[in-house]
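Fold and geometry: a report
In case you want the letters, here they are:
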Amino acid sequence: MSRYTLHLVLVACLLITVVSLQFYLVYDVERLKGSFEPPIYEAFMSQAREVSLEEFIHLARSHHYELMLPTRLPKGLTLSTIYYKCCPLVAIVVYSARGVKDFRYSELAIEIAPNPYPLSEEYLLQLNRTSVDEYVIRVGKGYARISPKVEFGDEERRRIFGPHPMAIYWEGGLEYLISVLPPLTLEDLEYIVRGLAKAS
């Protein structure tokens, strides 16, 4: 083997070693970052605070949003609490007949966040013709996309309750993720969604 060929082999081996080390270092850093990433619940609650309904409406209006909230509630539900985080703005409105304030276990939870790019009316209405596992209804000036069973939300909530009914509603630059747990049903969810109206 000539000295030139030996030199090329050594350089190639060195390059392979450097690239391999970079790969494993990046992999280890990403793996360690992932292991310390807090769950959804802890991440949200570490930044959120409880607010009253009146304060929540005022905070939303200070960001130029008008809130849509349920005007009718089934099975003895009442407002338990509201968690608010900014910024970015995210709120979770919690309803329960049992006084539950943890949105992972409450019968009704509504997550509200800005979304200036809702799905188009044409696409949503098309779902009623093409989809077998969800449907769309008109609510006020917007539309709600309803799924009878969906894996959604906090990992603990999914583990205990499994798939459950959920609706996504868009209006006024806000997106509402509305989910219910037993004893509430799909019919209860639709009843709640059809009763959404501007909060005052």
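Criteria and cut-off values
Residues numbered from 1 in each chain as written. Predicted model: local features only at pLDDT ≥ 70, side-chain atom pairs only at ≥ 80, totals over all residues. Heavy atoms only, no water. Pairing = 2+ DSSP bridges. Helix = DSSP H or I, 4+ residues; strand = E, 2+ residues; numbered from the N terminus. Axes fitted to C-alpha atoms, helices over the stretch in contact; angles between N-to-C directions. Contact = heavy atoms within 4.5 Å. Buried < 20%, exposed > 50% of the residue type's maximum accessible area, 1.4 Å probe, protein only. Arc of directions from axis to C-beta. Disulfide = S-S within 2.5 Å. Core = buried A, V, L, I, M, F, W, Y, C linked by side-chain atoms within 4.5 Å. Salt bridge = Lys/Arg side-chain N within 4 Å of Asp/Glu carboxyl O. Phe/Tyr/Trp six-rings, centres within 6.5 Å; stacked < 30°, edge-to-face > 60°. Lys NZ or Arg CZ within 6 Å of the ring centre and 35° of its normal.

Describing the sheet that holds strand 9 (residues 174-180)
Reading across from one edge, 1-3-4-5-9-8-7-6 is the order of the 8 strands in this open sheet, with antiparallel pairing throughout. Unpaired on one side and paired on the other, strand 1 (49-51) and strand 6 (135-139) mark the two borders of the sheet. For this sheet, the mean inter-axis angle between neighbouring strands, taken without regard to orientation, is 25°. Pairing analysis gives 3 bridges linking strand 1 to strand 3 (residues 78-85), with the strands arranged antiparallel. When the bridges of strand 3 are listed, Glu50 appears paired with Tyr83. Across the face of the sheet, helix 3 (residues 53-62) comes into contact with strand 1, strand 3, strand 4 (90-96) and strand 5 (108-114) while running at roughly 105° to strand 1. The sheet contacts of helix 4 (residues 121-130) involve strand 6, strand 7 (142-150) and strand 8 (164-171), and relative to strand 7 the element is tilted by about 40°.

What to know about helix 6 (residues 186-194)
Every α-helix winds through 3.6 residues per turn, so residues three or four apart in the chain are directed the same way. Inspection of helix 6 places Asp188, Leu189, Ile192 and Val193 among the buried residues, and these make up the whole buried set. Buried positions in helix 6, seen along its axis, are confined to an arc of 135° and lie on one side of it.

Digging into the state of the cysteines
Under the defined criterion, the tally for this structure stands at 1 disulfide. At a sulfur-sulfur separation of 2.1 Å, the disulfide partner of Cys86 is Cys87. Taking the sign of the S-S torsion, about 40° here, the bridge from Cys86 to Cys87 comes out right-handed. With a relative accessible area of 36%, Cys86 lands in the partly exposed category. Accessibility expressed as a relative area gives 57% for Cys87, which makes it exposed.

A look at the nonpolar core
Among the nonpolar cores identified, the biggest contains 35 residues, and Phe56, Leu67, Leu108, Ile112, Tyr176, Ile178 and Val193 are the most heavily contacted of them. The contact partners of Phe56, leaving out residues within four places of it in the chain, are Val51, Leu67, Ile82, Tyr84, Ala91, Val93 and Ile112. Core analysis: the next-biggest nonpolar cluster, separate from the first, contains 10 residues, Ala48, Val90, Phe103 and Ala109 among them.

Brief notes about the pattern of salt bridges
Applying the stated criterion across every chain, the model contains 8 salt bridges. Of the charged contacts in the structure, one is a salt bridge between Arg104 and Asp102, with a shortest N-O distance of 2.8 Å. Arg194 is paired through a salt bridge with Glu190; the nearest N and O atoms lie 3.0 Å apart. A residue pair is termed a helical-turn pair when its members lie 3 or 4 positions apart in one helix, as Arg194 and Glu190 do in helix 6 at 4 residues.

A few points about the packing of aromatic side chains
Inspection of every chain in the model, using the stated rule, returns 5 aromatic pairs. Summarising the aromatic geometry, the rings of Tyr41 and Phe103 are spaced 5.4 Å apart at their centres and angled 50° between planes, so their arrangement reads as tilted. You can see Tyr41 sitting in helix 2 (residues 40-45) and its partner Phe103 sitting in the loop between strand 4 and strand 5, a full 62 residues away along the chain. Given a relative accessible area of 10%, Phe103 falls into the buried group. Note on Tyr169 and Tyr176: the rings are 5.7 Å apart at their centroids and 50° apart in plane angle, and the pair reads as tilted. Across this residue pair, the class does not change: Tyr169 and Tyr176 are buried. In this structure an aromatic cluster arises from ring pairing among Tyr41, Phe44, Tyr83 and Phe103. Geometry around Tyr191 places Arg72 over its ring, the cationic atom sitting 4.2 Å from the centre. Here the guanidinium or amino end of Arg104 rests over the ring plane of Tyr41, the centre of that ring lying 3.5 Å away.

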